[in-house]
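Understanding the architecture of this molecule
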Amino acid sequence: MFHLDGVAKEYGPPGQRVLALQPTTLTIAAGEFVAVVGPSGSGKSTLLAILGAMLAPSRGQVWFDGQSIYDLSLADRAALRRRRIGFVFQSFNLVPYLTALENVQLPLLLNGVGPAQQRRRAFDLLEQFGLADRACHKPAQLSAGQQQRVALARTLAPDPAVILADEPTGNLDPDTRQQVYDDFETLHRAGKTIVLVTHDPLAAQRAGRVLTLVQGRVEPCERRHSA
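Residues numbered from 1 in each chain as written. Predicted model: local features only at pLDDT ≥ 70, side-chain atom pairs only at ≥ 80, totals over all residues. Heavy atoms only, no water.

1. Overview of the pairing of strand E4 (residues 59–64)
In regular strands, side chains alternate between the two faces of the sheet. Just so we agree on the cut-off: Paired strands, in this sense, are two strands between which DSSP finds at least two bridges. Where helices and strands are cited, they refer to DSSP runs of H or I of at least four residues and of E of at least two residues respectively, numbered from the N terminus.
Here 5 bridges tie strand E1 (residues 2–11) to E4, and the two strands are oriented antiparallel to one another. Paired with aspartate 5 across the bridge in E4 is glutamine 61. Taken together, the 2 bridges between E4 and strand E5 (residues 67–68) define a ladder with antiparallel strand orientation. Looking at the pairing, phenylalanine 64 lines up with glutamine 67 of E5. Hairpin connection, E4 to E5: the antiparallel pair is bridged by 2 residues, and aspartate 65 has positive phi, about 50 degrees.

If you want it as structure tokens, here you go:
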């Protein structure tokens, strides 16, 4: 699925460069559930953005299913993100003036799917997450947990091969966090590759492998259980 070969990322002007991600060689197999943990500023979100074709490394190569991501054109990289890679964020990033149904339809619209098929797929996903009765509600009319589940449904709409999640439960209460963790486990059992950045040790325990980042360096991995 993913292979990083000597990938590093620096920020800042010449003479004031900060090494956010030290040279990293890493493979994430298809179907893995990987948690990425570490203190704030350790490079977790940088690593996730590089995997997600959103942030070019300063050096090294990133391969996705045998294709060098950052050798692709910007348009091809954007198409890869739309069709193969799903993102889930702490802030939900729902469009406030769209209903839950319309938010889930949005990536399908961007991928050129027809309106009727958009609505069927979006409603089916909301039903899957127990939100069919909230389809016509806007984000402000939903709880934080409901908003995150709408965001997860939107992520799944194009049926991506991989889900990259950046602190997806950071704004949720403990009970709702458990529900979202269960959702990720269900998706993993369905064959999705999941890379989850988290500060929550309970979330990391759900993963099959834990990567620890310290000052931009990936520590030796810990495998918890097989997929």
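From this point on, the discussion continues.
2. Here we look at the side chain of aspartate 200
Convention followed: Summary of the burial criterion: residues with accessible area below 20% of their type's maximum are buried, those above 50% are exposed, and those between are partly exposed, where the area comes from a 1.4 Å probe applied to protein chains only. We count Lys and Arg on the positive side and Asp and Glu on the negative side, and we leave His and both chain ends out. What counts as a salt bridge is simple: a side-chain nitrogen of Lys or Arg found within 4 Å of a carboxyl oxygen of Asp or Glu. Contacts: residue pairs with any heavy atoms within 4.5 Å of one another.
For aspartate 200, the location among the structural elements is in the loop between strand E8 (193–197) and helix H7 (201–205). With no salt bridge to any partner, buried aspartate 200 finds its closest opposite charge in arginine 177, at an N-O distance of 4.4 Å. The residues contacting aspartate 200, other than those within four sequence positions of it, are Arg177 and Tyr181.

3. Focus: the packing of aromatic side chains
We count it as follows: Between the rings of Phe, Tyr and Trp (Trp by its six-membered ring), a pair exists once the centres lie within 6.5 Å; its type follows the angle of the planes, with under 30 degrees stacked, over 60 edge-to-face, and the other angles tilted.
Per the stated rule, a full pass over the model turns up 2 aromatic pairs. For the ring pair phenylalanine 2 and phenylalanine 64, a centre distance of 5.0 Å and an interplane angle of 50 degrees mean the geometry is tilted. Highlighted residues: phenylalanine 2 in strand E1 and phenylalanine 64 in strand E4, separated in sequence by 62 residues. By the burial criterion, phenylalanine 2 is buried, and phenylalanine 64 matches it. Consider the rings of phenylalanine 87 and phenylalanine 89, whose centres lie 6.1 Å apart with planes at 0 degrees: the pair is stacked.

4. Description of helix H1 (residues 44–51)
Among the 8 residues that make up H1, 7 are buried, leaving the element largely enclosed by the rest of the structure. Among the residues of H1, those classed as buried are Lys44, Thr46, Leu47, Leu48, Ala49, Ile50 and Leu51.

5. A look at the packing of helix H3 (residues 100–110) against helix H4 (residues 115–128)
Packed helices, taken two at a time, are described by their axes: the angle between them and the distance between them. Test applied: Here, axes are lines fitted to C-alpha atoms. For helices the fit covers the stretch in contact, and angles between N-to-C directions go from 0 to 180 degrees. Roughly parallel refers to an angle under 35 degrees, roughly antiparallel to one over 145, roughly perpendicular to one between 65 and 115, and oblique to any angle outside these ranges. Helix crossings get a hand from a simple test, with the near helix turned counterclockwise from the far one by less than a right angle marking a left-handed crossing and a clockwise turn marking a right-handed one. In this count, Pro and Cys sit with the nonpolar residues alongside Ala, Val, Leu, Ile, Met, Phe, Trp and Tyr, while Asp, Glu, Lys and Arg are called charged and the others, Gly among them, polar.
Closest axis-to-axis distance for the H3/H4 pair is 8 Å, and the angle between their directions is 125 degrees. When the axes of H3 and H4 are compared, the pair comes out oblique. The handedness of the crossing between H3 and H4 is right-handed. Two secondary-structure elements touch here, H3 through Ala100, Leu101, Val104, Gln105, Leu108 and Leu109 and H4 through Pro115, Gln118, Arg119, Arg121, Ala122, Phe123, Leu125 and Leu126. Grouping the constituent residues of the contact of H3 with H4 by class yields 10 nonpolar, 2 polar and 2 charged.

6. Quick notes on the environment of valine 36
Mapped onto the elements of the fold, valine 36 is located in strand E3 (residues 33–37). Given the relative accessible area of 1%, valine 36 is considered buried. Taking the C-alpha atoms as reference, valine 36 lies 33 Å from glycine 112; in sequence the two are 76 residues apart. Sequence-distant contacts of valine 36, that is, excluding residues within four places in its chain, are made with Lys44, Leu47, Val195, Leu196, Val197, Thr198, Leu211 and Leu213.

7. Observations concerning the layout of surface pockets
Which entries qualify depends on this criterion: A cavity, in this analysis, means grid points on a 1 Å lattice covering only the protein atoms where a 1.4 Å probe fits yet has no way out; a pocket is instead an open set bounded by protein on both sides within 12 Å along at least five of seven lines, and a residue lines either one if it has an atom within 4 Å of a point. Grid points are joined across faces, edges and corners, and a volume is the space filled by probe spheres set on the points.
Size it by volume and the largest pocket reaches roughly 390 Å³. Arg81, Ile85, Phe87, Pro107 and Arg154 are the residues nearest the centre of the largest pocket, which is lined by 18 residues in total. Looking at the lining of the largest pocket, the elements that each hand over two or more residues are helix H2 (74–84), strand E6 (85–89), H3 and helix H5 (144–156). Counting residues per element, the lining of the largest pocket draws most heavily on E6, which supplies 4 residues. Counted by class, the lining of the largest pocket contains 11 nonpolar, 4 polar and 3 charged residues.

8. Considerations on the environment of proline 96
Looking at the element boundaries, proline 96 is found in the loop between E6 and H3. Sequence-wise, proline 96 and alanine 140 are 44 residues apart; in three dimensions their C-alpha atoms are separated by 7.1 Å. Sequence-distant contacts of proline 96, defined by excluding residues within four places in its chain, comprise Lys138 and Pro139.

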